[in-house]
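# Residue-level structure breakdown
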Amino acid sequence: MQIDETLLQRLEKLSFLQIPDEHREEMIAQLSEIVAFVDNLSELSTEGVDATFAMSDTATRLREDAGSVDRTINDDILSHAPHSQDHFFIVPKIIE
Amino acid sequence: MITLKEALKLSKEELISLKEELKAKIADNPELNAYIDVLNVGEGIPIAIKDNIQVTGWSVTSGSNILKGYIAPYNATVIEKLLAANMSPFGRTNMDEFAMGSTTESSCYGKTLNPLNPNCVPGGSSGGSAAAVAAGLAVAALGSDTGGSIRQPAAFCGIVGMKPTYGRVSRYGLGAYASSLDQIGPMTQNVEDAAILYDIIQGYDPKDSTSADRNDGTVSDKLDPNVKYKIAIVPDYVKDASEDVRNAYEKAIDVLKSAGHTIVEKTLMDPKYDISAYYITATAEATTNLARYDGIRYGNRVEGENLKDTFLQTRSKGFGAEVQRRIMLGNFVLSSGYYDAYYVKAQKVRSLIQQEYNKIFDEVDLILTPVAPRTAYEFGALSDPLEMYLSDIYTISVNLAGLPAISLPVDTATNGMPVGLQLIAAPYAEQTLFNGALSLETKLKG
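Residues numbered from 1 in each chain as written. Chains lettered and ligands numbered in written order. Predicted model: local features only at pLDDT ≥ 70, side-chain atom pairs only at ≥ 80, totals over all residues. Heavy atoms only, no water.

A count of helices and strands for chain A gives 3 helices and 2 strands. Expected size for 96 residues packed as a compact globule is a radius of gyration near 12 Å; at 23 Å, chain A overshoots this value by more than 25%. Considered along the principal axes of its C-alpha atoms, chain A spans approximately 55 × 45 × 25 Å. Considering chain A as a whole, with its 96 residues, one finds that 30% of them fall into the buried category. Residue pairs in contact within chain A that sit at least 24 positions apart in sequence constitute 31% of those at least 6 positions apart. (Helix = DSSP H or I, 4+ residues; strand = E, 2+ residues; numbered from the N terminus. Rg over C-alpha atoms; globule rule 2.2 N^0.38 Å. Buried < 20%, exposed > 50% of the residue type's maximum accessible area, 1.4 Å probe, protein only. Contact = heavy atoms within 4.5 Å.)

Right, let's get into the confidence of the model for chain B. With 100% of its residues at a pLDDT of at least 70, chain B reaches an overall mean of 97. Scored as a complex, the prediction yields pTM 0.97 and ipTM 0.94. (pLDDT = per-residue confidence, 0-100.)

Residue and element names in this part refer to chain B. Across all of its chains, the model carries 17 aromatic pairs over all chains by this definition. When the centroid spacing of 5.5 Å and the interplanar angle of 45° are considered together, the rings of Tyr198 and Phe434 count as tilted. Here Phe434 lies in helix H15 (residues 430-445) and Tyr198 lies in helix H6 (residues 191-201), a separation of 236 residues in the sequence. Among the residues examined, Phe434 registers a relative accessible area of 0% and is labelled buried. Ring geometry for Tyr293 versus Phe319: centroids 6.3 Å apart, planes at 90°, classification edge-to-face. Pair noted here: Tyr293 is in the loop between helix H9 (271-289) and helix H10 (307-318) and Phe319 is in the loop between H10 and helix H11 (321-334), with a separation of 26 residues, a long-range link. (Phe/Tyr/Trp six-rings, centres within 6.5 Å; stacked < 30°, edge-to-face > 60°.)

A few words now on the pairing of strand S11 (residues 418-425) of chain B. Residue and element names in this part refer to chain B. Most of S11 is tucked away: 8 of the 8 residues are buried. Side chains Pro418, Gly420, Gln422 and Ile424 of S11 all project onto a buried face; the interleaved residues Val419, Leu421, Leu423 and Ala425 project onto the opposite face, where all are buried too. Examined bridge by bridge, strand S9 (residues 366-370) and S11 share 5 bridges and lie antiparallel to one another. By the bridge assignment for S11, Ile367 is matched with Ile424. (Pairing = 2+ DSSP bridges.)

Size of an interface: often given as the accessible area lost when the parts come together. Residues and elements named next belong to chain B. When its domains are assigned, chain B resolves into domain 1 (4-239 + 241-266 + 360-445) and domain 2 (273-349). Taking both partners together, domain 1 and domain 2 bury about 2,500 Å²; carbon and sulfur atoms supply 63% of that area. The largest share of the area that domain 1 buries against domain 2 comes from Ile66, Met100 and Tyr389, three residues that together contribute 29% of it. At the boundary of domain 1 with domain 2, the tally comes to 0 salt bridges. Listed by contribution, the elements that provide at least two residues to the side of domain 1 that touches domain 2 are helix H13 (385-390) and helix H14 (396-401). For the side of domain 1 that touches domain 2, the element with the highest residue contribution is H13, accounting for 4 residues. A per-class count over the side of domain 1 that touches domain 2 returns 17 nonpolar, 8 polar and 3 charged. (Domains from an automatic or database assignment. Buried area = accessible area lost by both parts, 1.4 Å probe. Salt bridge = Lys/Arg side-chain N within 4 Å of Asp/Glu carboxyl O. Nonpolar A, V, L, I, M, F, W, Y, C, P; charged D, E, K, R; others polar.)

So, on to helix H1 (residues 5-15) of chain A. Residues and elements named next belong to chain A. Taken as a whole, H1 has its buried residues at Leu7, Leu8, Leu11, Glu12 and Ser15. Buried residues of H1 fall within an arc of 145° about the axis and therefore sit on the same side. Exposed residues lying more than 90 degrees from the buried face of H1 are Thr6 and Lys13. (Arc of directions from axis to C-beta.)

Right, let's get into the side chain of Ser144 of chain B. Residue and element names in this part refer to chain B. Its location among the elements puts Ser144 in strand S4 (residues 141-145). Ser144 gets classed as buried once you look at its relative accessible area, which sits at 2%. At a separation of 3.0 Å, a polar atom in the side chain of Ser144 contacts the side chain of Asn52. In contact with Ser144, not counting residues within four places along its chain, are Lys50, Asn52, Ser126, Ser149, Ile150, Leu174, Gln183 and Ile184. (Polar contact = N/O pair within 3.5 Å; in protein donor to acceptor, adjacent residues only side chain to side chain.)

Next up on the list: the state of the cysteines. All names here are of chain B. A complete count under the given rule lists 0 disulfides over all chains for this structure. Cys157 provides the cysteine sulfur closest to Cys108, a residue in no disulfide bond, and the two sulfurs are 20 Å apart. Sulfur of Cys120: no disulfide; nearest cysteine sulfur belongs to Cys157 and is 9.8 Å away. (Disulfide = S-S within 2.5 Å.)

It is worth spelling out the environment of Pro122 of chain B at this point. Residues and elements named next belong to chain B. With respect to the helices and strands, the residue Pro122 is situated in the loop between strand S3 (87-93) and helix H4 (127-134). Residue class for Pro122 comes out buried when judged on its relative accessible area of 0%. Taking the C-alpha atoms as reference points, Pro122 and Thr3, separated by 119 residues in sequence, lie 21 Å from one another. Ignoring any residue separated from it by four or fewer positions in sequence, one finds Pro122 in contact with Thr103, Thr104, Thr112, Leu113, Asn114, Gly127, Ala131, Pro153, Phe156 and Cys157.

This next bit is on the pattern of salt bridges. Residue and element names in this part refer to chain B. Counted by the stated rule, this structure contains 20 salt bridges over all chains. Between Arg92 and Asp51 there is a salt bridge, and its shortest N-O distance comes to 2.9 Å. A residue pair is termed long-range when its members are at least 10 positions apart, and Arg92 in strand S3 and Asp51 in the loop between strand S2 (45-50) and helix H3 (77-84) qualify at 41 residues. What makes Asp51 buried here is its relative accessible area of 0%. Through salt bridges with shared partners, a single ionic network connects Arg168, Arg214, Asp216 and Glu430.

Before going further, it helps to examine the packing of H1 of chain A against H11 of chain B. Direction vectors running N to C along H1 of chain A and H11 of chain B enclose 100°, while the axes themselves pass 9 Å from each other. On the basis of the axis angle, H1 of chain A is roughly perpendicular to H11 of chain B. Every residue of H11 of chain B that contacts H1 of chain A at Leu7, Leu8, Leu11, Glu12, Leu14 and Ser15 of chain A is listed here: Ile327, Met328, Asn331 and Phe332 of chain B. Split by residue class, the contact of H1 of chain A with H11 of chain B holds 7 nonpolar, 2 polar and 1 charged. (Axes fitted to C-alpha atoms, helices over the stretch in contact; angles between N-to-C directions. Parallel < 35°, antiparallel > 145°, perpendicular 65-115°, else oblique.)

Structurally, the position occupied by Leu31 of chain A is in helix H2 (residues 21-38). Residue Leu31 of chain A is classed as buried on the basis of its relative accessible area of 1%. C-alpha of Leu31 of chain A to C-alpha of Leu8 of chain A: the two residues are 23 residues apart in sequence and 9.2 Å apart in space. In this structure Leu31 of chain A touches Ile3, Leu8 and Leu11 of chain A together with Arg325, Met328 and Leu329 of chain B, once residues within four positions along its chain are discounted.

What follows is the structure, given as structure tokens:
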């Protein structure tokens with residue numbers, strides 16, 4: 001599997017990342033090499049194997065819907081956020 | 001350095017002077033760079049903490065520029081447990097950025113040296129914790145292990161490192177890398193200390209939905225090096241390791257035999273498939289976990305022209321190269337058109353790996369394998385990403401199958417560096433794991 005410039009652009013979009021021009025060729029080569037390596041899984045037969053894997057069958061159990069909010073945590077997070085005001089996170093304007 | 005077991009007997013005054021002494025020694029060794037900074041909470045025994053475990057009020061950054069300025073608003077469950085056991089979080093240790101690495105070179109705080117040879121890496125990603133313990137700058141430390149990040153640096157620095165069964169130790173408050181693989185574990189001077197620290201941090205936690213709701217009791221008070229086990233060795237698996245590692249393997253087999261254990265030969269699938277299943281799974285989970293770093297709610301923000309540009313600038317400037325590579329890979333294996341061939345296939349192979357281990361554990365109590373194909377690398381030796389991934393061959397299947405394992409020093413290589421090996425046990429068989437490790441350690445010292 002060879003990663004090309006088109007696929008790299010698609011991955012950048014999905015990743016919210018921008019690879020600088022001087023590193024694009026290297027990134028393409030590295031990703032291609034890694035993907036070519038992991039293609040070895042196609043050598044293994046996985047016929048009849050369940051497509052889902054869970055470490056434990058008992059995880060993610062249901063619980064009572066009891067409130068457990070610690071307001072001090074909210075306040076601390078907001079006070080350390082890059083930009084917050086009136087108990088809100090502030091982001092650049094998205095609607096003109 | 002005083003052991004954790006001995007430190008349990010210290011008075012309040014003696015602990016204060018121990019911490020003063022540690023602070024002075026850490027300040028005298030800045031070039032080692034095991035610690036990012038040295039803060040203390042409480043009056044207990046000092047335990048060094050990897051920079052991805054939340055301690056209230058500490059700037060916990062996972063070794064990443066994108067989290068600089070972030071202040072942890074709560075304690076991880078393991079930190080609450082330490083405090084309840086009269087232990088103090090003491091110092092943040094260096095690590096590969098977001099635990100993605102095998103050398104601790106990718107930290108935004110610079111590299112950590114191996115205390116046994118400053119030209120070599122301490123291993124990773126918990127390299128700071130391993131170096132701190134090995135250099136006598138910590139009584140014990142916590143690390144996290146996603147694909148070997150406790151066991152490999154322990155082996156490279158000549159200390160003991162233990163990865164618990166998946167679900168045994170709460171991940172609440174651990175900076176997530178790959179949620180189905182991550183576990184916090186002890187890094188200590190000896191096996192008994194590892195058991196003591198493991199007992200303190202383990203246990204069910206309703207705040208972690210993958211926490212195992214079971215109570216198997218403590219292990220350190222029941223340690224018995226005289227129980228005889230059936231231990232599997234995997235000769236095929238070891239043939240590609242360096243001569244030093246192969247010699248250590250032979251030595252450990254002889255020692256275990258002389259301690260009265262029964263040795264049987266087994267085979268495991270070619271570890272090249274482990275690498276593939278691991279890097280597909282880990283990057284897929286990482287890309288999801290790291291989506292939260294957008295510069296809006298915490299850490300570093302790089303202001304862009306609009307919201308989208310802010311996301312883009314923050315992430316492109318905040319994440320280092322290896323993290324960006326793994327995010328891109330994760331998005332590749334999860335993206336439409338490739339999902340079935342890569343991600344789903346890897347999950348199926350993961351089932352095969354788990355089944356293979358289950359079958360072996362139907363017959364044996366423990367498996368002995370190397371931790372790394374060779375001793376600690378020199379700086380820069382693993383600069384090619386795929387080369388670095390391949391160096392994880394002996395540790396990652398343990399994470400994929402969720403098993404407990406312990407790395408301990410077995411031999412000294414011709415270059416003077418330590419060689420560590422690991423024992424692996426069945427899920428939740430930590431008592432067997434520690435007993436076997438103590439038997440090996442005791443006989444090696446004897």
